[in-house]
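Here are the chains, one letter per residue:
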Amino acid sequence: RNNLMEMTFRWYGADQEKITLDQIREIPGVKGVVGCMMDIPVGEVWPEERVAALVKQVEDHGLTLKVIESVNIHDDIKVGLPSRDKYIENYKQTIRNLAKYGIKVICYNFMPVFDWIKSDLDYQLPDGSKTLCFEKKDIPDDPQELLDTYSKGTNGFTLPGWEPERLAQVKHLFEIYKDVDEDKLRENLVYFLKAIMPTCEECDVKMAIHPDDPPYSMFGLPRIIKNREDLDWLCNAVDTPYNGITLCTGSIAEDPANDVYAILEEFTRRGRIHFAHVRNIKYLHPGENKDFYESAHLSEEGSLDMYRIVQALHDNGFTGFIRPDHGRMIWGETGRPGYGLFDRALGVAYINGLWEALEKKGK
Ligand code: DNO
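Attention in this report is confined to the structure presented alongside it. (Residues numbered from 1 in each chain as written. Predicted model: local features only at pLDDT ≥ 70, side-chain atom pairs only at ≥ 80, totals over all residues. Heavy atoms only, no water.)

## A word on the overall build of the protein chain
- Along the backbone of the protein chain there are 13 helices and twelve strands.
- The C-alpha atoms of the protein chain give a radius of gyration of 19 Å, which matches the 21 Å a tight globule of 363 residues would have.
- For the protein chain, the proportion of its 363 residues judged to be buried stands at 60%.
- Sequence-distant contacts, at least 24 apart, represent 75% of the contacts inside the protein chain between residues at least 6 apart.
- When the accessible surface of the protein chain is summed, it comes to about 14600 Å², and 50% of that surface belongs to carbon and sulfur atoms.
- Taken together, the 44 basic and 60 acidic charged side chains of the protein chain have centroids lying 3 Å from each other. (Helix = DSSP H or I, 4+ residues; strand = E, 2+ residues; numbered from the N terminus. Rg over C-alpha atoms; globule rule 2.2 N^0.38 Å. Buried < 20%, exposed > 50% of the residue type's maximum accessible area, 1.4 Å probe, protein only. Contact = heavy atoms within 4.5 Å. Areas by Shrake-Rupley, 256 points an atom, 1.4 Å probe, with all protein chains shown as cover. Lys, Arg positive; Asp, Glu negative; His and termini not counted. Charge placed at Lys NZ, Arg CZ, Asp CG, Glu CD.)

Here is the structure:
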């Protein structure tokens, strides 16, 4: 029987946030943190001594660091420029440096220009809490406007995937992606994966791609990890368990045409989900459009059945890492949108409760 999931909590680092490792350690059931190094420019090697120091710091607080989210992919790799080989070599060295200190999974994404997109980072819910929300009508035609909104609404924190120095050149980025369609982007992803897989195998580090958020094209940019077919393509294109998935339930369900439960079941069974981001979303106008907000984790607060989500992982032999995904801002907390302490801690407790019930029911 499988009871090997490992509950984790995303942590941005002592100089990047006010949530402390001691606080995380006190959340029942959390074994490890999901770490990152936001200050290292994309494309550069993560220095071994920095990795060693981070792992030591986490372990000194009684937690483990086995998952990194994210080692971002340089745009030259996504676009397929000749300079990509240099960045791929750097990526391989980063994998080696991480492996040496016990990292097992690297979460990344292959979205051009933007990581996740939301229209509102402070959407007010009737109960007083605030959350992230996506309403198509509020997405400006000019991406620059969105960037301006984000730079105002993040409470002084850098948002993951929205690094200011990179986004300062958003016009240039749109320019270099001008001839990159979905096929080209797929080709470039396969080129990247084939180049790094031997290193991953040698180091026993699994790659886990995050689905596109939202899972459809925005601003005319290609998106290639949107649905079951894309995930199936990915697994077959480079057919090794080291080429795996970060299954983000929210991102997948943001297209209501996706059957998030069936996708979870299938790719867990296929041994390709190494990391699960578990969150609930609430469709604002079901049947009419894809607008949604990120609700509390509890099933009845959103549109997803969280029991079925956890069951899909549990019953199909999931042995990877889980983290509650974004949480709302509750109890007066302020912080990085999506990444407060309190609501994510409630998410942990809830997912652990579902897992325990499934375990005991199965015995
Ligand atoms: C947002 C996150 C994403 C995710 C990246 C993975 O909160 O889920 O930024 O970390 O897409 O590379």
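From this point, the narrative continues.
## Describing the pattern of salt bridges
- Counted by the stated rule, this structure contains 31 salt bridges.
- In this structure, the salt-bridge partner of R279 is E254, at a minimum N-O distance of 3.1 Å. Separated by 25 residues along the polypeptide, R279 in the loop between β9 (273–278) and β10 (281–283) and E254 in the loop between α10 (249–253) and α11 (260–269) bring together distant segments of the chain. For the residue pair R279 and E254, the accessibility class agrees, reading buried in each case. (Salt bridge = Lys/Arg side-chain N within 4 Å of Asp/Glu carboxyl O.)

## Concerning the packing of helix α12 (residues 306–314) against helix α13 (residues 342–361)
- Running from amino to carboxyl end, α12 crosses α13 at an angle of 60°, the nearest separation of the two axes being 10 Å. Between α12 and α13, the crossing angle belongs to the class labelled oblique. Crossing geometry of α12 relative to α13 is assigned as right-handed. Taken together, the residues of α13 that come into contact with α12 (itself represented by M306, Y307, V310, Q311, L313 and H314) are Y350, I351, L354, W355, L358, E359 and K361.
- Looking at the contact of α12 with α13 residue by residue, the classes come out as nine nonpolar, two polar and two charged. (Axes fitted to C-alpha atoms, helices over the stretch in contact; angles between N-to-C directions. Parallel < 35°, antiparallel > 145°, perpendicular 65-115°, else oblique. Left-handed = near helix turned anticlockwise from the far one by under 90°. Nonpolar A, V, L, I, M, F, W, Y, C, P; charged D, E, K, R; others polar.)

## Thoughts on the sheet that holds strand β2 (residues 32–35)
- If you trace the eight strands once around the closed barrel, you get β1-β2-β3-β4-β7-β8-β9-β12, paired in parallel fashion. Shown here is a sheet whose adjacent strand axes are inclined to one another by a mean of 30°, direction ignored.
- As judged from the four bridges shared by strand β4 (residues 105–108) and strand β7 (residues 206–209), these two strands associate in the parallel manner. From the neighbouring strand, C107 faces β7, where its bridge partner is A208.
- Against the sheet, helix α8 (residues 182–203) engages β4, β7 and β8 (243–248), with an angle of about 155° to β7. (Pairing = 2+ DSSP bridges.)

## Observations concerning the sheet that holds strand β11 (residues 292–294)
- Here we have four strands laid out as an open sheet, ordered β5-β6-β11-β10, and antiparallel in their pairing. Unpaired on one side and paired on the other, β5 (120–124) and β10 mark the two borders of the sheet. Across the sheet, the mean angle separating the axes of adjacent strands is 40° when strand polarity is ignored.
- Relative to strand β6 (residues 130–134), β5 is paired through three bridges, and the arrangement is antiparallel. Bridge pairing links D120 to C133 in β6.

## Here we look at the site of the ligand
- Near the ligand lie 14 residues; those nearest to it are E69, S70, D115, H326 and Y339.
- Between an oxygen atom of the ligand and a side-chain N or O atom of S70, the distance comes to 2.6 Å.
- A distance of 2.8 Å separates an oxygen atom of the ligand from a polar atom in the side chain of D115.
- For the ligand, the accessible surface in isolation is 330 Å², of which the surrounding protein chains cover 99%.
- Counted by class, the shell around the ligand contains six nonpolar, four polar and four charged residues. (Near = heavy atom within 4 Å. Polar contact = N/O pair within 3.5 Å; in protein donor to acceptor, adjacent residues only side chain to side chain.)

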